[in-house]
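Close look at the chain arrangement
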Amino acid sequence: ILYRPYPKEFENTLFDLPRRGQEPKDVLEAKKTLLQLKKEFNFKDIIQGLEELVLADSGKDEFNEIFKLIFAKIWDEKQAQEVRKDKTVEFGQVVNPKTNVPDPELTYDRTNGLFRKACEAWPGIFREGEDIELMKRHLQICVGRIEGVRLMGSNLRVMDDAFEYLLPTEAKKKKGQFFTPRHVVEMCVRMLNPKPNEYIIDPACGSGGFLLHAMDWCYPVRDHDTRELRKYKYASKYLWGIDFETRAAKTSR
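Rules behind the numbers
- Residues numbered from 1 in each chain as written.
- Predicted model: local features only at pLDDT ≥ 70, side-chain atom pairs only at ≥ 80, totals over all residues.
- Heavy atoms only, no water.
- Helix = DSSP H or I, 4+ residues; strand = E, 2+ residues; numbered from the N terminus.
- Buried < 20%, exposed > 50% of the residue type's maximum accessible area, 1.4 Å probe, protein only.
- Contact = heavy atoms within 4.5 Å.
- Axes fitted to C-alpha atoms, helices over the stretch in contact; angles between N-to-C directions.
- Parallel < 35°, antiparallel > 145°, perpendicular 65-115°, else oblique.
- Nonpolar A, V, L, I, M, F, W, Y, C, P; charged D, E, K, R; others polar.
- Phe/Tyr/Trp six-rings, centres within 6.5 Å; stacked < 30°, edge-to-face > 60°.
- Salt bridge = Lys/Arg side-chain N within 4 Å of Asp/Glu carboxyl O.

1. Focus: the overall build of the chain
Scanning the chain for helices and strands turns up 11 helices and eight strands. Looking at the chain residue by residue over its 253 residues, the buried ones come to 45%. Here the analysis covers contacts within the chain between residues at least 6 apart in sequence; of these, 69% occur between residues at least 24 apart.

Here it is as C-alpha cells:
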C-alpha cells in the first residue's frame, strides 16, 4: 500500500489501510504486536516488489541488504516474543512527531540499531562494524514492505523460495546450485532417521534445510528453554554444514 501525500510523489509504504475516521498517520503511529503480524504471505512477491521499487537503482548488493533487514527483523521479533511484556515490535517506519509523516532519518537509525544489536547477539555472519548501506529514503520503503509480516515461525519453505530467487541466476548455473524442496528434505530425513547422538554433515548445505529438519527430528522443541538447549548442546556438536557459496553459507548460519 503506497501512501502519496497529495500533490507530492509517493514516498512511504503504509502497513495497513486507514479505517473510517483514521488518517494515514494513525496507521503509521500505531504500535504493532507480534499477534498483528501476518503469518501467511508471499515473501518472494515482497522481495520482487522491493527490487522494482528501490533496489534495482540503489547500486547495492540486493542479497546482502535484504538479508540485513531480515536479520534485524527476526531479532526484533525474538525480543518481542521473549523479552518485551507487551509483545510490541519495533521494526517499522518511524513517524516524526513534528510533521506526522514517516522520517527516513529516524527509520534508518532505529532499523540500523536493531541490525547492530542482532549482529552482537549472533556474531560471525556479518563483518564487524557493518551497517545497512541502503540510502535512507530507500530503506524507508523497504521497511514498509516487510514490517507487516511475521518471519519467525513462518514456513521455512517461504524463506527458501526467497533466498533461491535472490541468488543470482548466473551463479546458480555456473556452480550447479539447486535448493531441495522442503517436502523432499523432510522425506529424506525421515528415511535417514537420525539419532540424537549421531553426527550429521551436509557437504552442500545451501540454506541448511537438511540440518534444520534433522534438528527438529532428533530434538523436538516444546518451549524456549528446550530450544536454547538444543542449539548449544545438540546443534553445536552434532550438526555440520559446508557450502562454497558464501551467501548460501550466510543464510544457513
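The structure having been displayed, the exposition proceeds.
2. A word on the packing of helix α3 (residues 62–82) against helix α4 (residues 104–121)
The N-to-C vectors of α3 and α4 enclose an angle of 75°; their axes lie 8 Å apart at closest approach. In terms of orientation, α3 lies roughly perpendicular with respect to α4. In this structure, α3 uses K68, L69, F71, A72, W75 and D76 to contact α4, whose residues at the interface are T111, L114, F115, K117, A118, C119 and A121. For the contact of α3 with α4, a count of residues per class yields nine nonpolar, one polar and three charged.

3. Notes on the packing of aromatic side chains
Here the structure, examined in full by the defined rule, presents 10 aromatic pairs. Ring geometry for F115 versus F126: centroids 5.0 Å apart, planes at 80°, classification edge-to-face. Of the two residues, F115 sits in helix α4 while F126 sits in the loop between α4 and α5 (136–146), which places them 11 residues apart along the sequence. Take F115 and F126: they sit in the same class, and that class is buried. An aromatic cluster is present here, built from F67, F71, F115, W122 and F126 joined pairwise through their rings.

4. Examining the pattern of salt bridges
Counting across every chain of the model gives 12 salt bridges. For E130, the salt bridge goes to K68, with nearest N and O atoms at 3.3 Å. You can see E130 sitting in the loop between α4 and α5 and its partner K68 sitting in helix α3, a full 62 residues away along the chain. You'll find E130 and K68 in the same group, each marked buried. Here E186 and R190 are joined by a salt bridge, their closest N and O atoms 3.5 Å apart. Of this pair, E186 and R190 are both found in helix α8 (residues 182–192), four residues apart, which corresponds to roughly one turn of the helix. By relative accessible area, R190 is classed as exposed at 51%.

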